[in-house]
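Working through the structure, step by step
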Amino acid sequence: MLGTELAWRSCGRGLWRFLRRAAGGSPRALGAASSSAPPAGTSNVKPLDGVKILDLTRVLAGPFATMNLGDLGAEVIKVERPGTGDDTRTWGPPFIGTESVYFLSVNRNKKSIAINMKNSRGAKLIRELAAVSDVFVENYVPGKLAEIGLGYEDIEKIAPHIVYCSITGYGQTGPMVQRSGYDSIAAAISGLTHITGHEGGEPVRVGVAMTDLATGLYTCGAIMAGLLQRHKTGKGMHIDCNLLSSQVACLTHVAANYLNCKIDAKRWGTAHGSIVPYQSTYFSKTKYKNPSCKFMLKSTKALCLLWHWIKHRELLKTHGEQQKDIREELKTEFYDCKQGYCKCIGRLRGKGVMLHSSNIIIIVFSF
C-alpha cells in the first residue's frame, strides 16, 4: 500500500502513470493487475479499456461494483485508509498469508493507494486524481465527503465530466439519510428477511449478502449508463444508488402482488406462492443413506411422469388451498419413495423435467 507521503511526489496524470508503472509493487496490485489498453482493432479490447475509476468505497457493495467494472477493462484505483485499509482486510478466517480471502474476493483488478482524506493535503490529492478520472465512486454517509471538500458539487467544479456515484444505505434524503448502510439491516427493512425462511418459521437472512450484491450490480449498470450518457452529452452526472431502494426493486412480483392486489407476502421455504411444484424435496439421510438428500423440483410434468398424478392434472392449474394440498401430497410421495434417490432422479431425467440435486460448494467447483 502506498503511503500518503510518497504520493505527493506525483499528482494528477503523473500519479496515474506512476500507479500504472508500480502495478505489483506500490501501490499494491489487487488480484490480476490491469494492463495498458491494447491497440484499437485488436481482438482482446475490453469494453471499458481506458476508463479511469477512482474508488473510495469499502466493504462489499461498492468494491463489488468497481471490481466488475475492472473485469470489463476499467483501470481502478482503490483509495484506503493509511495503516488499516479497507475494513474487510481483517475479516477472517480464512486468510491467504496475511490477506483476507473475503477482501480478495471483491477487490481483484485494482491498485491500492493509502490517503488520509481528513488531511487537507490528502483531500487535495483526491481532487487532483478526480480531475483526470472518468468515474468517482464513494459509499460514505451523505454529507461526510462534502465536509472535507469532496462532495459532488466540489468535484463537479474541477471535473464537470465526472460520473460521480454515491452508494448509501437509504439515499440522499429522508428520515434515515444519516444511518450507515448494512446489508442485514436493509434486508430487514426492505422485507427480504420477512419472505425468506421456512413456512411458519422465523425470518432468515439469505446465505450471502444479496442486498449489498444487488446494489453493487445496480451501481455497475448505472455507472456504465452514466458513461454512455456522458458520451452523448459531454456532461457528467451524480448517480445515487442505495441498499434499500435496490432491495425493494428486487422484490419484483412480491411487491407487485401487494401494490396491485393488496396481498401481503409470507415465507414459503423453497416453495412458491403462485407456482406448483416449485420447491426442494428432501430424502431422509438415515433412511436412504445418500449425501445428496435434497433436490429442486420445478415441473408440473414431473408429477405425471413419476407419480402418475393424472387425477391432479386440473388441480395443478389452481391456486390457494388446493395448491397447499398438492404440496403436502407431493412431499408425502417423495418421502415414501422406496426406490431411493438415484432411481427417482433417473426416472425423471431425459423426459424434459427440470430438477437437480442441491449441490454443496465442493461439487459446484468440481465441474
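1. Examining the overall build of the protein
Broken down by element type, the protein carries 15 helices and twelve strands. Considering the protein as a whole, with its 367 residues, one finds that 43% of them fall into the buried category. Accessible surface, the protein: about 19400 Å² in total, of which carbon and sulfur atoms supply 57%.

2. Some thoughts on the side chain of Thr88
Examined against the element boundaries, Thr88 turns out to sit in the loop between β3 (75-80) and β4 (95-96). Under the relative-accessibility criterion, Thr88 is labelled buried at 0%.

3. Things to note about the nonpolar core
Of all hydrophobic cores here, the largest spans 20 residues; its most connected members are Leu54, Leu56, Ile115, Ile126, Phe136 and Ile155. Only β2 (52-56), β3, α5 (120-131) and α6 (152-158) provide two or more residues apiece to this core. Considering every element that reaches this core, the biggest residue donor is α5, with five residues. Look past the residues within four positions of Leu56 in its chain and what remains in contact with it is Val79, Met117, Ile126, Phe136, Val137, Glu138, Asn139, Tyr140 and Leu145. Counting residues in each nonpolar core, the second largest holds 19 residues, with Val135, Ala186, Cys220 and Ile223 among its members.

4. Side note on the side chain of Asn68
If you trace the backbone, Asn68 turns up in helix α3 (residues 61-71). Every residue in contact with Asn68, bar those within four places of it in the chain, is listed here: Leu217 and Cys220.

5. Examining α3
Most of α3 sits inside the fold, with ten of its eleven residues counted as buried. Once α3 finishes, Gly73 follows within two positions and takes phi at roughly 110°, a positive value.

6. Some remarks on empty space enclosed by the protein
The tally for this structure, following the rule as stated, stands at one cavity of 30 Å³ or more. Counted as a void, the largest cavity has a volume near 50 Å³. What lines the largest cavity is Asp183, Ala187, Leu192, Thr193, Arg205, Val206, Val208, Ala209, Met210 and Thr211. Every element with two or more residues in the lining of the largest cavity is listed here: α7 (183-190) and α8 (210-233). A breakdown of the residues in the lining of the largest cavity according to their chemical character gives six nonpolar, two polar and two charged.

7. What to know about the packing of aromatic side chains
On inspection of all chains with the given rule, the structure shows three aromatic pairs. For the pair Tyr152 and Tyr164, a centre-to-centre distance of 5.6 Å together with 70° between the ring planes defines the contact as edge-to-face. Residue Tyr152 is located in helix α6, and its partner Tyr164 is located in strand β8 (residues 163-168); the two are separated by twelve residues in the primary sequence. Neither Tyr152 nor Tyr164 differs from the other in exposure class; each is buried. These aromatic residues form a ring-pair network of at least three members: Phe136, Tyr152 and Tyr164.

8. With respect to the pattern of salt bridges
Under the criterion given, the structure shown has ten salt bridges. Residues joined by salt bridges that share partners form a network here, namely Glu80, Arg89 and Glu99.

9. Quick look at the pairing of strand β6 (residues 110-114)
Taken across its five residues, β6 has five buried, putting it largely inside the fold. The sheet contact formed by β3 and β6 spans five bridges and is parallel. Looking at the pairing, Ile77 lines up with Lys111 of β6.

10. Digging into a nonpolar patch on the surface
Taken together, the side chains of Ile360, Ile362, Ile363 and Phe367 make up a nonpolar region of the molecular surface, amounting to roughly 480 Å² of accessible area. Turning to its location among the elements, Phe367 is positioned in the segment after α15 (361-364). Of the residues examined, Phe367 reaches a relative accessible area of 77% and is grouped as exposed.

11. Observations regarding the packing of α3 against α8
α8 packs onto α3 with a crossing angle of 45° between their chain directions and a minimal axis gap of 8 Å. Relative to α8, the element α3 lies oblique. Read as a crossing pair, α3 and α8 show a hand that is right-handed. Of the residues in α8, those touching α3 at Ala61, Phe64, Ala65, Asn68 and Leu69 are Asp212, Leu213, Thr215, Gly216, Leu217, Thr219, Cys220, Ile223 and Met224. Of the residues that constitute the contact of α3 with α8, the class distribution is nine nonpolar, four polar and one charged.

12. Notes on the environment of Thr88
On a C-alpha basis, the gap between Thr88 and Leu104 in space is 8.9 Å, while along the polypeptide they are 16 residues apart. Setting aside anything within four residues of it in sequence, one finds Thr88 in contact with Val59, Ser100, Tyr102 and Phe103.

13. Structural notes on the confidence of the model for the protein
Averaged over the protein, the pLDDT score is 79; the fraction of residues at 70 or greater is 66%. Per-residue pLDDT stays below 50 along residues 1-11; that stretch engages in 32 contacts with residues further than four places along the chain or on separate chains. A low-confidence stretch, residues 22-36 stays under pLDDT 50, and its non-local contacts, those more than four residues away or across chains, total 34 contacts.

The rules behind these values
- Residues numbered from 1 in each chain as written.
- Predicted model: local features only at pLDDT ≥ 70, side-chain atom pairs only at ≥ 80, totals over all residues.
- Heavy atoms only, no water.
- Helix = DSSP H or I, 4+ residues; strand = E, 2+ residues; numbered from the N terminus.
- Buried < 20%, exposed > 50% of the residue type's maximum accessible area, 1.4 Å probe, protein only.
- Areas by Shrake-Rupley, 256 points an atom, 1.4 Å probe, with all protein chains shown as cover.
- Core = buried A, V, L, I, M, F, W, Y, C linked by side-chain atoms within 4.5 Å.
- Contact = heavy atoms within 4.5 Å.
- 1 Å grid on protein atoms, 1.4 Å probe; cavity = no way out; pocket = protein on both sides within 12 Å on 5 of 7 lines; lining within 4 Å.
- Points joined across faces, edges and corners; volume = space filled by probe spheres on them.
- Nonpolar A, V, L, I, M, F, W, Y, C, P; charged D, E, K, R; others polar.
- Phe/Tyr/Trp six-rings, centres within 6.5 Å; stacked < 30°, edge-to-face > 60°.
- Salt bridge = Lys/Arg side-chain N within 4 Å of Asp/Glu carboxyl O.
- Pairing = 2+ DSSP bridges.
- Patch = residues over 30% accessible without salt bridge, like charges linked within 9 Å, V, L, I, M, F, W, Y side chains within 5 Å.
- Axes fitted to C-alpha atoms, helices over the stretch in contact; angles between N-to-C directions.
- Parallel < 35°, antiparallel > 145°, perpendicular 65-115°, else oblique.
- Left-handed = near helix turned anticlockwise from the far one by under 90°.
- pLDDT = per-residue confidence, 0-100.

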